[in-house]
Amino acid sequence: MKKDSLISGNIGKALLLFVLPLIAGSLIQQLYTTVDAVIVGQFTGKIGLAAIDSVHTLFKFPLNFMNGLATGATIMISRYFGAKDKEGLHCAVRTALLLAGILGIVCAVAGVIFSPWLLDIMSVPEEVRAGSLIYCRIYFGGIWAMILYNMMAGVLRAFGDSKKPLYVLVVCSVVNIVADLILVGLLHTGVGGAAAATVLSQIVSVVLTAYFLVKSDFLEEKIGIRTMRICKEHMGMMINKGFPLALQSMLFPIANSIVQASINTMGTDSIAAWGICDKLDLLIWLIADSMGPVLTTYTAQNLGAGKAKRVKKGALIGTGLSVIAVGIISIVLYFGSGLIGPLFIDQKDVPTLIPLVIRYMQMMAPFFVFYAVAAALSGACSGLGETLVSMVTTLLTICLFRVVCILVVLPSFETMECIVWIYIGSWIVSGVTFTILYLAKVEKFYHKKSK
């Protein structure tokens, strides 16, 4: 049956049909974020852009944390869905949505109240402080909608439906851009209008996603405000599976910020060349990071359905698909970065920056596949229920590895090439470790099933 596409039928086709909307959604998000920045820059100038950029990382922490909890809910709901446990499914969905709503309101209230204090922590310059404060309070005021949407989208993906969240994201992006043009461009409301446009688009996304959930064929008992309740057992399961992923999502940006601080000491040319590389390899991260959640849902659904052999086969196929796609893009980047890179800079800077871009990219390109393996198998391990192990492995092999190397190895070389090799080393260590870890975990799982 089409509804059971992840637990029956052709595995490769099912994974492709599930992952492509996720990749498309990430691309759309990148596009409308860029358009949003262009509109704000055109109508508010550098002060407006600085007011937003100076505080934008603040919102990643609550959103990343809640996305981790949403992933925990997705794992739990996917298992109930695969096992066709209707009672457990309905209770888990209600618990997840109500908990997201409550925590979303808490984050919103706390964010609005503590915005001035957060600006002090971020050392926001006085000349942009007023704009940053307005942006923060409006954005935090609507953050409940973003949290609730992410949870609702996670529920739909747990059912094996990645298309409807994509449709919602397309509408949300259009609403955001149109609202930006009206509020910022026509009404000249500044950064406050940009924040309001984002909040409005997220509220629209909540309404549309709620509609899809209410109309869903997978829930025989319709969801409504009056039927919402929290089941302690399911809340405990969701937090148990989701908290490690939530913590990982918060710590990862911190490690990368430490590395970026070291890059910032390498001179303007190195910083600019690295920034161009970051734009060139965007597709690498979109593909690799999309396959992880796909294998999480796939593994959890098939585990719930009792299809152990399909779990192992799906992880192999999913990882293979990601490696092939990443490998093809890596080849293009290895040979073509010198042709694509100039599109991102002024022609007068090409002779200085592009040789650096080519060097860094040709160093990294042969090793991107290791990250693809790590991201895919990390998702598969999470689907097996090993979210704590997945978190610890990621933090040790990528985050801690990079930070330790920056502190211990970099001082002996003090070169940008050393930092690039630190990134490469973290991908290799993570890819090899997750391969060994997944094989050990899946064999242990089979051994339990055979008893």
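Computed from a predicted model, the values in this text were never measured in an experiment.

**Re the overall build of the chain**
Link 1 in the chain: When its secondary structure is counted, the chain shows 16 helices and zero strands.
Link 2 in the chain: Overall, the C-alpha framework of the chain stretches about 65 × 50 × 35 Å when taken along its three principal axes.
Link 3 in the chain: Per-residue burial over the chain gives 51% buried out of 451 residues.
Link 4 in the chain: Residue pairs at least 24 apart in sequence account for 84% of intrachain contacts in the chain once pairs closer than 6 positions are excluded.

**Here's the deal with helix α10 (residues 282-304)**
Link 1 in the chain: Taking 1.5 Å of rise per residue, 23 residues should cover 33 Å, and α10 covers 34 Å from first to last C-alpha, within 8% of that figure.
Link 2 in the chain: Of all 23 residues making up α10, 18 are buried, and the element is well covered by its neighbours.
Link 3 in the chain: Downstream of α10 by one or two residues, Gly306 has phi in the positive range, about 75°.

**Quick look at the nonpolar core**
Link 1 in the chain: The biggest cluster of nonpolar side chains holds 67 residues, and the ones touching the most others in it are Met364, Phe368, Ile419 and Tyr438.
Link 2 in the chain: For this core, the element with the highest residue contribution is helix α16 (residues 416-450), accounting for twelve residues.
Link 3 in the chain: Here this core gathers at least three residues from each of two domains, domain 1 (9-229) and domain 2 (243-446).
Link 4 in the chain: Discounting chain neighbours no more than four positions away, the residues touching Tyr438 are Val311, Lys312, Ala315, Leu377, Ala380, Cys381 and Leu384.

**Overview of a nonpolar patch on the surface**
Link 1 in the chain: A grouping of Ile105, Val109, Ile113, Phe114, Trp117, Ile121, Met122, Trp144, Ile203 and Val207 is seen on the molecular surface, where their side chains present a nonpolar patch of about 960 Å² in accessible area.
Link 2 in the chain: Taken together, the elements giving at least two residues each to the nonpolar patch come down to α3 (86-121) and α7 (190-214).
Link 3 in the chain: The greatest single-element share of the nonpolar patch, amounting to six residues, is contributed by α3.
Link 4 in the chain: Here Val109 shows up in helix α3.

**Side note on the packing of helix α11 (residues 308-340) against helix α12 (residues 350-364)**
Link 1 in the chain: Following both chains from N to C, one finds α11 and α12 inclined at 175°, their axes separated by 9 Å at the closest point. Taken as axis vectors, α11 and α12 run roughly antiparallel relative to one another. Where α11 abuts α12, its residues Leu333, Tyr334, Ser337 and Gly338 lie against Ile354, Val357, Ile358, Met361 and Gln362.
Link 2 in the chain: Looking at the contact of α11 with α12 residue by residue, the classes come out as six nonpolar, three polar and no charged.

**Some points on helix α4 (residues 126-141)**
Link 1 in the chain: Over its 16 residues, α4 extends 23 Å from the first C-alpha to the last, a length consistent with the 22 Å expected when each residue adds 1.5 Å.
Link 2 in the chain: In α4, a bend of some 30° at Ser132 exceeds every other bend along the element.
Link 3 in the chain: The set of residues buried in α4 consists of Val128, Arg129, Gly131, Ser132, Tyr135, Cys136, Tyr139 and Phe140.
Link 4 in the chain: On its buried side, α4 packs onto α1 (11-53), α2 (60-83), α3, α5 (143-158) and α7.

**Considering the side chain of Thr299**
Link 1 in the chain: Structurally, the position occupied by Thr299 is in helix α10.
Link 2 in the chain: Discounting residues that sit within four places of it in the chain, Thr299 has contacts with Val311, Ala380, Gly383 and Leu384.

**A few points about the side chain of Ser390**
Link 1 in the chain: Looking at the secondary structure, you find Ser390 in helix α14 (residues 387-408).
Link 2 in the chain: Those residues within four positions of Ser390 in sequence are excluded, and the remaining contacts are Gln248, Ser378, Ser382 and Phe434.

**Comments concerning the domain arrangement of the chain**
How large an interface is tends to be reported as the accessible area lost when its parts come together.
Link 1 in the chain: Segmentation of the chain into domains returns domain 1 (9-229) and domain 2 (243-446).
Link 2 in the chain: Here the C-alpha centre of domain 2 lies 24 Å away from the C-alpha centre of domain 1.
Link 3 in the chain: Listed per partner, the contact involves 29 residues of domain 1 and 34 residues of domain 2.
Link 4 in the chain: The largest per-residue losses of area from domain 1 upon contact with domain 2 belong to Ile11, Leu15 and Arg79, which jointly make up 25% of the total buried on that side.
Link 5 in the chain: Here domain 1 and domain 2 share zero salt bridges between them.
Link 6 in the chain: Applying the counting rule to domain 1 against domain 2 returns five residue pairs in polar contact (both at pLDDT 80 or more).
Link 7 in the chain: When residues of the side of domain 1 that touches domain 2 are traced back to their parent elements, those giving at least two are α1, α2 and α5.
Link 8 in the chain: Partitioning the side of domain 1 that touches domain 2 into residue classes produces 16 nonpolar, eleven polar and two charged.

**Examining the packing of aromatic side chains**
Link 1 in the chain: Going through the model one piece at a time under the given rule, you end up with 18 aromatic pairs.
Link 2 in the chain: Judged by centre distance (6.5 Å) and plane angle (65°), the ring pair of Trp274 and Tyr360 falls under edge-to-face. Taken together, the positions of Trp274 in helix α9 (residues 268-280) and Tyr360 in helix α12 put the pair 86 residues apart, joining distant regions of the chain. With respect to class, Trp274 is no different from Tyr360; both count as buried.

Definitions and limits used
Residues numbered from 1 in each chain as written. Predicted model: local features only at pLDDT ≥ 70, side-chain atom pairs only at ≥ 80, totals over all residues. Heavy atoms only, no water. Helix = DSSP H or I, 4+ residues; strand = E, 2+ residues; numbered from the N terminus. Buried < 20%, exposed > 50% of the residue type's maximum accessible area, 1.4 Å probe, protein only. Contact = heavy atoms within 4.5 Å. Expected span 1.5 Å × (residues − 1). Core = buried A, V, L, I, M, F, W, Y, C linked by side-chain atoms within 4.5 Å. Domains from an automatic or database assignment. Patch = residues over 30% accessible without salt bridge, like charges linked within 9 Å, V, L, I, M, F, W, Y side chains within 5 Å. Areas by Shrake-Rupley, 256 points an atom, 1.4 Å probe, with all protein chains shown as cover. Salt bridge = Lys/Arg side-chain N within 4 Å of Asp/Glu carboxyl O. Axes fitted to C-alpha atoms, helices over the stretch in contact; angles between N-to-C directions. Parallel < 35°, antiparallel > 145°, perpendicular 65-115°, else oblique. Nonpolar A, V, L, I, M, F, W, Y, C, P; charged D, E, K, R; others polar. Bend = angle between axes of the 7 residues up to and from the residue. Buried area = accessible area lost by both parts, 1.4 Å probe. Polar contact = N/O pair within 3.5 Å; in protein donor to acceptor, adjacent residues only side chain to side chain. Phe/Tyr/Trp six-rings, centres within 6.5 Å; stacked < 30°, edge-to-face > 60°.

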